[in-house]
Each structure stands twice: as structure tokens, then as C-alpha cells.
Amino acid sequence: MSIEELLNIAKQHKKRGDVLKQRQRFKEMVLAYFHAVCYFLLNNEAREQRLGTKDVREITSQYYSTLELCRYAYHFKFHDRSEGNFGGKLKILSYWCQALLRYRLFRLQLNEGIVLSHSINKMSAVRTRRAQPASQQVNAAASKSPQAGRHSGEPYSQSPTPSPASVGSVGSQGSNDSKTTSMSGMSLPSPGTTVTIPQHLHSQYMKYVRICDNVLLAQQLWDQAEANSRDGRDVIEFVGAIKRRCASDGFSLNSPLETLVCRILTGVELLHAALPRPTPSSRS
């Protein structure tokens, strides 16, 4: 299918889900939304293959929009175990979809994450080198302090002269011992002290964290789906039926997208077939 055809199919399922929501047929609505999510995924991958890295920002935005639709659909949780544990089976499909979307986002932004990592490490190293001479001076001053001389048994002639800033911070110009202690305390902040960093470095760091979060959340969601796939006989049979219909060598986040989508769509179809047929009044 072309990019336009995939997008049109996705929009049709999304529109159908909106109509079912108005009719308060929520289980069918959720399945229609997950159907739409699958075709949005296929559309996004087709756009990636055609455009490459030329339109990463727009494709990233579409992935996040699809993720929001998936999370919104799962918001209508069904806790009852009637109708073959519909809620438990839906949870697995939701985790698969969310994990897949998170992983695709990570792969799409991988190159940007590598560039950000190098930039952050480089700027951090520069700031460390700039701060190093000051710390060395503090260590040297501390080694020449009266306390150091007394503990080591070595004679001393004069304590180091503190800076005006350190003297003022104490509020008193008492003995040289208190001045040295004050200067050392100023230069060695206690745990929990706020450290300032440039705004551009903070922005790059937060963007890097968001990119890395995607792959962490993807693996977490995938593991949750695996754990929930053993939650009761109904769910085990449901997952087994999906595997039989979508025979493949493996099933992981690195599997081809068509394999992953096949399993999700098969699960949607199995859930839809198990729903009771609506009465004529509910169709109107």
C-alpha cells in the first residue's frame, strides 16, 4: 500500500472509533482505535523509508500523536473478567503497541541522541578542567593550615591569608584558624548544594534524557506484556492463538514491523469476534 492509502485506512478506523464512542460501545471503540494505531504505525514507517532523515521532526510528532491515541484507548480499562477476560487481553495489546511506538521513537532519534551525548560530555569536560585549578588551590591551602601543621608535628610560620569574601562570610575577623576554616568551607560545598549549569547545557541534557527514556520504557512495557501473557488460562490461550495465526521465527522489538502489526491486528480481530453482537437498537 502507498503512504496515502495507509493513512486513509488509519483515519477511517479512527473515525469509526469516534462514532462508537458516541454510541457508548466502548469495547468496539477501543478495538477500532487499536486498529487505527497499527495503520498509523505502517504509515509512519513508510514515510521513514521514503523521506529518511529529511523530515524527522514531523515523523516524530506523528509517532507521539499515535502514542497518545494508544494510551487514550487503554484509558478505558475493563477490569471485569467477563467475556473471556477482555480487559486482560486488551492490556497485552496495549503494552505491545506502546512498547513498539516507544522503540520506534528511540530508533528515529538515535543519531540525534549520539550527537547530544558527545556534546554534553565535551562541555562537561571543559567545565571540569576550568574548575580544577581552584580546587587544587584549596587543597594546597588546606595542607598549609595551622591544623595541618599541628597534626603532622611540622612547624609553621604563617597561616594563609583568606580572601575578603571568605572573611566577610564569617562575619568576624578573629583568629587565623577560623579564617582558614571559613575559606575551606566555602570552597568545599556540603552535599545537597545547588549547582548551576548553563541553560543550553540543561536543555541538551533534558532532550537526551527524553530520547533515552523511550528505549527504557519500551523494554519495560514489553516485559510487562510478557508477564501479563501468563495471567490466567484465557489470556494464555489468547496469546497462543495469535502466535499460531502469525507464524514467525521470533517476536521481539527488533522483529520486522509487519510481524509485530500482524500480531496486534490478529489480537484485535480475536477480541472483536468474541464480543456479543449488538442489538438492532444499539446499532442506530
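Scroll up a little and you will see the structure.
The text that follows walks through the structure, step by step, so that each part is easy to find. Just so we're clear, the structure is a prediction, and the values are computed from it rather than from any experiment. (Residues numbered from 1 in each chain as written. Predicted model: local features only at pLDDT ≥ 70, side-chain atom pairs only at ≥ 80, totals over all residues. Heavy atoms only, no water.)

Within the largest apolar cluster, 59 residues are counted, with the highest numbers of intra-cluster contacts made by Phe34 and Trp96. Secondary-structure elements contributing two or more residues to this core are helix H1 (3–22), helix H2 (26–51), helix H3 (56–75), helix H4 (82–108), helix H9 (199–228), helix H10 (233–245) and helix H11 (257–274). For this core, the leading source of residues is H2, giving 14 residues. Filtering out sequence-adjacent residues up to four positions away, Phe34 remains in contact with Cys70, Ala73, Leu90, Leu93, Ser94, Cys97 and Val268. (Core = buried A, V, L, I, M, F, W, Y, C linked by side-chain atoms within 4.5 Å. Buried < 20%, exposed > 50% of the residue type's maximum accessible area, 1.4 Å probe, protein only. Helix = DSSP H or I, 4+ residues; strand = E, 2+ residues; numbered from the N terminus. Contact = heavy atoms within 4.5 Å.)

Close contact between H2 and H11 brings their axes to 10 Å; oriented N to C, the two are set at 165 degrees. If you check the angle between H2 and H11, you find them roughly antiparallel. H11 is crossed by H2, and the crossing has left-handed handedness. Touching Glu28, Leu31, Phe34, His35, Cys38, Tyr39, Leu41, Leu42 and Glu45 of H2 are Leu257, Glu258, Val261, Ile264, Leu265, Val268, Leu271 and His272, all from H11. For the contact of H2 with H11, a count of residues per class yields 12 nonpolar, 2 polar and 3 charged. (Axes fitted to C-alpha atoms, helices over the stretch in contact; angles between N-to-C directions. Parallel < 35°, antiparallel > 145°, perpendicular 65-115°, else oblique. Left-handed = near helix turned anticlockwise from the far one by under 90°. Nonpolar A, V, L, I, M, F, W, Y, C, P; charged D, E, K, R; others polar.)

Counted according to the given criterion, the structure contains 1 disulfide. The side chain of Cys246 participates in a disulfide bridge whose partner is Cys262; the two sulfur atoms lie 2.4 Å from each other. Looking along the S-S bond of the Cys246-Cys262 disulfide, the torsion reads about -85 degrees, which is the left-handed sense. With Cys246 in the loop between H10 and H11 and Cys262 in helix H11, the pair connects residues that are 16 residues apart, well separated along the chain. On the basis of relative accessible area, Cys246 is assigned to the buried category, the value being 5%. This cysteine, Cys38, is not joined by any disulfide, and Cys97 carries the nearest cysteine sulfur, 5.0 Å off. A relative accessible area of 0% means that Cys38 is categorised as buried. (Disulfide = S-S within 2.5 Å.)

Below, the discussion takes up H11. A rise of 1.5 Å per residue sets the reference length of H11, with its 18 residues, at 26 Å; its end C-alpha atoms lie 26 Å apart and thus fit the reference within 8%. Buried within H11 are the following residues: Leu257, Thr259, Leu260, Val261, Arg263, Ile264, Leu265, Thr266, Gly267, Val268, Leu270 and Leu271. (Expected span 1.5 Å × (residues − 1).)

Viewed as axis vectors pointing N to C, H10 and H11 meet at an angle of 125 degrees, and their least axial separation amounts to 9 Å. As far as their axial angle goes, H11 and H10 are oblique. Relative to H11, H10 is oriented so that their crossing is right-handed. Contact residues: Phe238, Ala241, Ile242, Lys243 and Arg245 in H10; Arg263, Thr266, Gly267, Leu270 and Leu271 in H11. Class assignment of the residues belonging to the contact of H10 with H11 gives a composition of 5 nonpolar, 2 polar and 3 charged.

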